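# Coordinates in review
The primary structure of each chain is shown beneath.
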Amino acid sequence: MRHEVASFRIRATSYIGPDGTVASDLPAFASDPEQLIGMYRAMVLTRTFDAKAVALQRTGRLGTFASSLGQEAIAVGIGTAMAPDDVLVPSFREQGAMFLRGVVPNELLLYWGGDERGNDFAGQRHDFPICVPIGTQAAHAVGVALAMQLNHERRVAVCSFGDGATSRGDVYESMNFAGVRQLPVVFVINNNQWAISVPRSAQSAAVTLAQKAIGAGIAGEQVDGNDVIAVRAVLTDAIERARSGGGPMVVEALTYRLTDHTTADDASRYRPDAEVSERWKAEPIARLRDFLVHQGHWAREREEQLIDECAAEIDAAVQDYEGYRPMPPTSMFEHLYATLPHAYLAQRAELHELERLDG
Amino acid sequence: MGDQLTLVEAVRTALGRAMEDDGNVIVLGEDVGLNGGVFRATDGLAERFGPDRVIDTPISESMFVGLAVGLATQGFHPIVEYQFMGFMYPALDQLANHASRLRNRTRGRLTCPLVVRAPYGGGVHAPEHHSESFEAMLAHIPGLRVVIPSSPAKAYGLLLAAIRDPDPVVFLEPKRLYRSIREEVDDDGGALPLDRCFTLRGGDDLTMVSWGASIAETLAAAEVLAAEGVGAEVIDIATIKPLDMDTILASVGRTGRCVIVHEAARTGGVGADIAAGLADEGLTSLLAPVTRVTGYDTVMPLFRNEHHYLPSEQRILDAAHRAMEFA
Ligand SMILES: Cc1ncc(C[n+]2csc(CCOP(=O)(O)OP(=O)(O)O)c2C)c(N)n1
Ligand SMILES: [Mg+2]
């Protein structure tokens, strides 16, 4: 005799559709225009930052940079759903969330400009820095969450990574352990449909990436990643559930990478422009703006004022960034250990001497 | 007459040649298909050889070298591309526990003729984790070969040799030289010998030993020394493991002085092994202490300061001058 022993469902949430349709059951925060305008502002600031950073790279004033163009709603959803005490363990495309958590734009410019000081956030002391080796940070998030559980804290770790990252063992292993211990961690999959040139379809045969949670015995769901209201609402629920002992969760946010993978990439080699222009129709900033305008909360003058404000804020950050002299070469020996071991003093002295001779 | 190729073009040409010659050669890795690899080393191969021989893998650095082990046991010759050496750490498990010892464990019944390629090293203003050089960690693994070319022609000939070798080879490409130099490369399918050093320049006063990208600064320093009347012999190790100590010992036997140059961190570097080899078997011919010019024992700094980390021509010259001061 055979019978079904397990089955699963993945539900998807959206509130404002790409065509402007609005669901009737909006979350409570969406009835507060100031909340929505704050989220709108955060997305516009992120887009302004990304555009400026790409321009700096193009003119030789910044290193390789990964823009989040078109994906701003996910980062802003994360940033608005988390409590200050929670811990963000990001990948490298979450600038919008990092800004909301107290990282300032000139810090990220410093980082992408090749200066370690960009990771020493003045206004955010407990979140993790950008993580470049794909998916490896998922294990850190689980460790952070285990610490929170052991300390009986009502805090949550939030970890984000891309669709490509879900192919890595580290990510699955992390979900698995989070399930075993029912840890307070939320994994956010930023599914922008591409991992450099590899499309989502070549990454996994699974219909959804959210269902990767099922194999780890934890909850998983999808959200429209271009609907900032939905991202915030779904993540708020997931985080509050984890906070109150409900266990970990995977949220797959569906979006689209509207630009090159990084400034070192040329997406025209591997994907048709027509696909990209089609996806522009669903981008998150215009969607929220249309909603705000329709609700009577937004008008042209405010838009212009906001654009000017964001540009001024980013320009000031660039000025600040460009004012940083490089650290002295011997800085590479600083923070290597709590105290530099005796064995390396001679190397540091040699470097110091070269620095002196260089003037 | 061959074309003047860059190093990355030479790699691509060798890959194409090997795939043309042997239908069992397969290329796999992230973005190696339509995109042609992030450095374009596999550009055009997918069009030429199709998606069954040029395979875009998901992001799974441990899995796809294990995949290559499996393929290799079935008669294929997989060539695995890592986008950057810094993302090869997950491969260590498969390389150390399987690829390098399957032959030994099964007494030759199962073997692993595979090549793992990765761009390594600094100097291109890359982001964090994109400038690593940990060849010594790989050289520590018994049963593995580690090869590092220093020019386009070396890349072509050594890569072909690596692909034809019956054992696993890690082939590290100095990305700083990918497009900075051109050299005539004849696409005649001719391999260069593995396990042998190349003497790039003769000299009787001093031996300079290096590999990969640092060969450029070492040769430049040798040029300056020549103008000063010091004849520096420059040896390109090329195969890091197994190490051809004979060529180095013969050279130092004549010159009595040796400067070793490598970009990787000093402690446990391949330079330490060369110095130990000289102490073991060349002590009586030494006229001066063997010195090393290396990267520091620090984390590879982000790019604003990376040029202070990389061994410069000046540091190499200083070491050479110190070696020459011993009477
Ligand atoms: C372990 C590892 N392998 C390869 C890379 C090179 N790399 C950088 S980003 C990227 C694609 C990541 O795709 P995804 O996880 O979907 O994130 P996205 O870039 O789309 O945000 C790759 C392969 C890396 N950084 N780390
Ligand atoms: Mg992606």
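In this text the structure is predicted, and so the values were computed from the model without any measurement. (Residues numbered from 1 in each chain as written. Chains lettered and ligands numbered in written order. Predicted model: local features only at pLDDT ≥ 70, side-chain atom pairs only at ≥ 80, totals over all residues. Heavy atoms only, no water.)

### Let's talk about the overall build of chain B
Selection rule: Under the scheme used here, helices are H or I runs from DSSP no shorter than 4 residues and strands are E runs no shorter than 2 residues, and both carry numbers assigned from the N terminus. Taken over C-alpha atoms, the radius of gyration is set against a globule rule of 2.2 Å times the number of residues to the power 0.38. The classification of residues rests on relative accessible area computed with a 1.4 Å probe and restricted to protein chains. Under 20% of the type maximum is buried, over 50% is exposed, and intermediate values are partly exposed. Every residue pair with non-hydrogen atoms within 4.5 Å of one another is taken to be in contact. Per-residue and other accessible areas were derived by the Shrake-Rupley procedure at a 1.4 Å probe size, with only the shown protein chains allowed to occlude residues. When charges are counted, Lys and Arg are positive and Asp and Glu negative, with His and the chain ends excluded. Charged groups are reduced to one reference atom each: NZ for lysine, CZ for arginine, CG for aspartic acid, CD for glutamic acid.
Summing up its helical and strand segments, chain B has 12 helices and 14 strands in all. The C-alpha atoms of chain B give 19 Å as radius of gyration, which agrees with the globular expectation for 327 residues (20 Å, within 12%). Principal axes of the C-alpha set define a box for chain B whose edges measure 60 × 40 × 40 Å. For chain B, buried positions account for 61% of its 327 residues. By sequence separation, contacts in chain B at least 24 residues apart represent 82% of the contacts at least 6 residues apart. Roughly 11,800 Å² of accessible area belongs to chain B as shown, and the carbon and sulfur atoms make up 51% of that amount. Positive and negative side-chain charges in chain B, numbering 28 and 44 respectively, have mean positions lying 3 Å apart.

### Description of the domain arrangement of chain A
One frequently used descriptor of interface size is the decrease in accessible area upon assembly of the parts. Put simply, the rule is: Where each domain starts and ends comes from a domain assignment, either automatic or drawn from a database.
The domain boundaries assigned to chain A delineate domain 1 (12-327) and domain 2 (332-359). Just the C-alpha atoms count here: the centres of domain 1 of chain A and domain 2 of chain A sit 38 Å apart.

### Things to note about the domain arrangement of chain B
Residues and elements named next belong to chain B. What counts here: As used here, buried area is the combined drop in accessible area, with a 1.4 Å probe, of two parts when they are placed together. A pairing counts as a salt bridge when a side-chain nitrogen of Lys or Arg comes within 4 Å of a carboxyl oxygen of Asp or Glu.
Domain assignment breaks chain B into domain 1 (3-185) and domain 2 (198-324). The C-alpha centroid of domain 2 is placed 26 Å from the C-alpha centroid of domain 1. For the pair domain 1 and domain 2, the summed buried surface comes to about 2,100 Å²; carbon and sulfur atoms form 57% of the total. Linking domain 1 with domain 2 are two salt bridges, by the criterion used here. A salt bridge links Glu217 to Arg176, with the shortest nitrogen-to-oxygen separation between them at 2.8 Å.

### Let's talk about the interface of chain B and chain A
In plain terms, the rule: Definition of a polar contact: a pair of N or O atoms within 3.5 Å, with one able to donate and the other able to accept a hydrogen when the atoms are protein atoms, and with sequence-neighbouring residues admitted only if both atoms are side-chain atoms. Classification used: nonpolar for Ala, Val, Leu, Ile, Met, Phe, Trp, Tyr, Cys and Pro, charged for Asp, Glu, Lys and Arg, polar for all others including Gly.
With 35 residues of chain B at the interface, the matching set in chain A holds 44 residues. Across the interface of chain B and chain A, roughly 3,200 Å² is buried in total on both sides, 58% from carbon and sulfur atoms. The three residues of chain B that bury the most area against chain A are Ile59, Tyr296 and Arg304 of chain B, which together make up 23% of that side's buried surface. Put simply, chain B and chain A have 14 residue pairs in polar contact (both at pLDDT 80 or more) between them. For the side of chain B that touches chain A, the secondary structure elements donating two or more residues are α11 (306-309) and α12 (313-325) of chain B. Here the residues of the side of chain B that touches chain A sort into 13 nonpolar, 11 polar and 11 charged.

### Some words on the packing of aromatic side chains
Spelled out, the test is: A pair of Phe, Tyr and Trp rings is counted when the ring centres sit within 6.5 Å of each other, with Trp represented by its six-membered ring. The angle between the planes then sorts it: under 30 degrees is stacked, over 60 is edge-to-face, the rest tilted. Whether a charge sits over a ring depends on NZ of Lys or CZ of Arg being within 6 Å of the ring centre and within 35 degrees of the ring normal.
Considering all chains together, one arrives at 15 aromatic pairs over all chains under this definition. Both rings, one in Phe65 of chain A and one in Trp112 of chain A, keep their centres 5.7 Å apart while their planes meet at 80°; by these two values the pair is edge-to-face. With Phe65 of chain A in the loop between α1 (33-58) and α2 (72-81) and Trp112 of chain A in helix α4 (residues 105-112), this residue pair connects regions lying 47 residues apart in the sequence. Like Phe65 of chain A, the residue Trp112 of chain A is buried in the burial classification. Pairing Phe161 of chain A with Phe187 of chain A gives two aromatic rings, centres 6.3 Å apart and planes at 50°, and the pair type is tilted. Of the two residues, Phe161 of chain A sits in strand β3 (residues 157-162) while Phe187 of chain A sits in strand β4 (residues 185-191), which places them 26 residues apart along the sequence. Three or more aromatic residues joined by ring pairs make a cluster, and in this case those are Phe49, Phe65, Phe99, Tyr111 and Trp112 of chain A. One Lys or Arg, Arg232 of chain A, reaches over the ring of Phe29 of chain A and ends 4.1 Å from the middle of that ring. The ring of Phe198 of chain B carries the charged tip of Lys154 of chain B above its face, separated from the ring centre by 4.9 Å.

### With respect to the packing of α1 of chain A against α4 of chain A
Residues and elements named next belong to chain A. Note the threshold: Convention adopted: a line fitted to C-alpha atoms gives each axis, helices being fitted over their contacting stretch, and angles between N-to-C directions are expressed from 0 to 180 degrees. Angles are sorted into four bins: roughly parallel if under 35 degrees, roughly antiparallel if over 145, roughly perpendicular if 65 to 115, and oblique for all others. A crossing counts as left-handed when the near helix is turned anticlockwise from the far one by less than a right angle, and as right-handed when that turn is clockwise.
Interhelical geometry of α1 versus α4 gives an angle of 30° and a closest axis separation of 12 Å. In terms of orientation, α1 and α4 fall into the roughly parallel class. Between α1 and α4 the crossing geometry is right-handed. On α4, the residues touching Phe49, Ala53 and Leu56 of α1 are Pro105, Leu108 and Leu109. Residues of the contact of α1 with α4, tallied by class, amount to six nonpolar, no polar and no charged.

### Here we look at the coordination of the magnesium ion (ligand 2)
Residue and element names in this part refer to chain A. So the rule is basically this: Note on donors: an N, O or S atom is included if it sits within 2.8 Å of the metal, or within 3.2 Å for Na, K and Ca, and water is never included, so sites can look incomplete.
Listed as protein donors to the magnesium ion (ligand 2) are Asp163 (OD), Asn192 (OD1) and Trp194 (O); their distances from the metal cover 2.0 to 2.1 Å. Look at where the donors of the magnesium ion (ligand 2) fall in the sequence and you get D-x28-N-x1-W. Remark: Asn192 occurs in the loop between β4 and β5 (194-195) and Asp163 occurs in the loop between β3 and α6 (169-181); sequence separation between them is 29 residues. Comparing Asp163 with Asn192 shows no difference in burial state: the two are buried.

### Focus on the environment of Val259 of chain B
Inspection of the secondary structure puts Val259 of chain B in strand β13 (residues 258-265). Leaving out residues up to four positions away in the same chain, Val259 of chain B has contacts with Leu206, Thr207, Met208, Val209, Thr291, Val293, Ala319, Ala320 and Ala323 of chain B.

### Things to note about the sheet that holds strand β10 (residues 206-210) of chain B
Residue and element names in this part refer to chain B. Rules: If DSSP finds at least two bridges between two strands, the strands pair.
Taken together, five strands build an open sheet; the order of strands is β9-β11-β10-β13-β14 and the sheet is mixed. Looking at strand neighbours, the two that pair on one side only are β9 (198-201) and β14 (291-295), the edges of this open sheet. Mean inter-strand twist for the sheet, computed between neighbouring axes without regard to direction, equals 25°. Of the pairings in the sheet, the one linking β9 to strand β11 (residues 232-236) comprises three bridges and is antiparallel in character. Looking at β11, one finds that Arg201 is bridged to Val234. Those strands touched by α12 are β10, β13 and β14, and its axis lies near 170° from that of β14.

### Focus: the site of ligand 1
Here is the rule we go by: Any residue with at least one heavy atom within 4 Å of a molecule or strand is counted as near it.
The immediate surroundings of ligand 1 are formed by 20 residues, with Arg93, Asp163, Gly164 and Trp194 of chain A together with Glu61 of chain B found nearest. At the site occupied by ligand 1, the surrounding residues belong to chains A and B. Between an oxygen atom of ligand 1 and a main-chain N or O atom of Gly164 of chain A, the distance comes to 2.8 Å. Asn192 of chain A is positioned with one of its side-chain polar atoms (N or O) 2.9 Å from an oxygen atom of ligand 1. Relative to its unbound accessible surface of 570 Å², ligand 1 loses 95% to contact with the protein. The class makeup of the residues in the shell around ligand 1 is 10 nonpolar, five polar and five charged.

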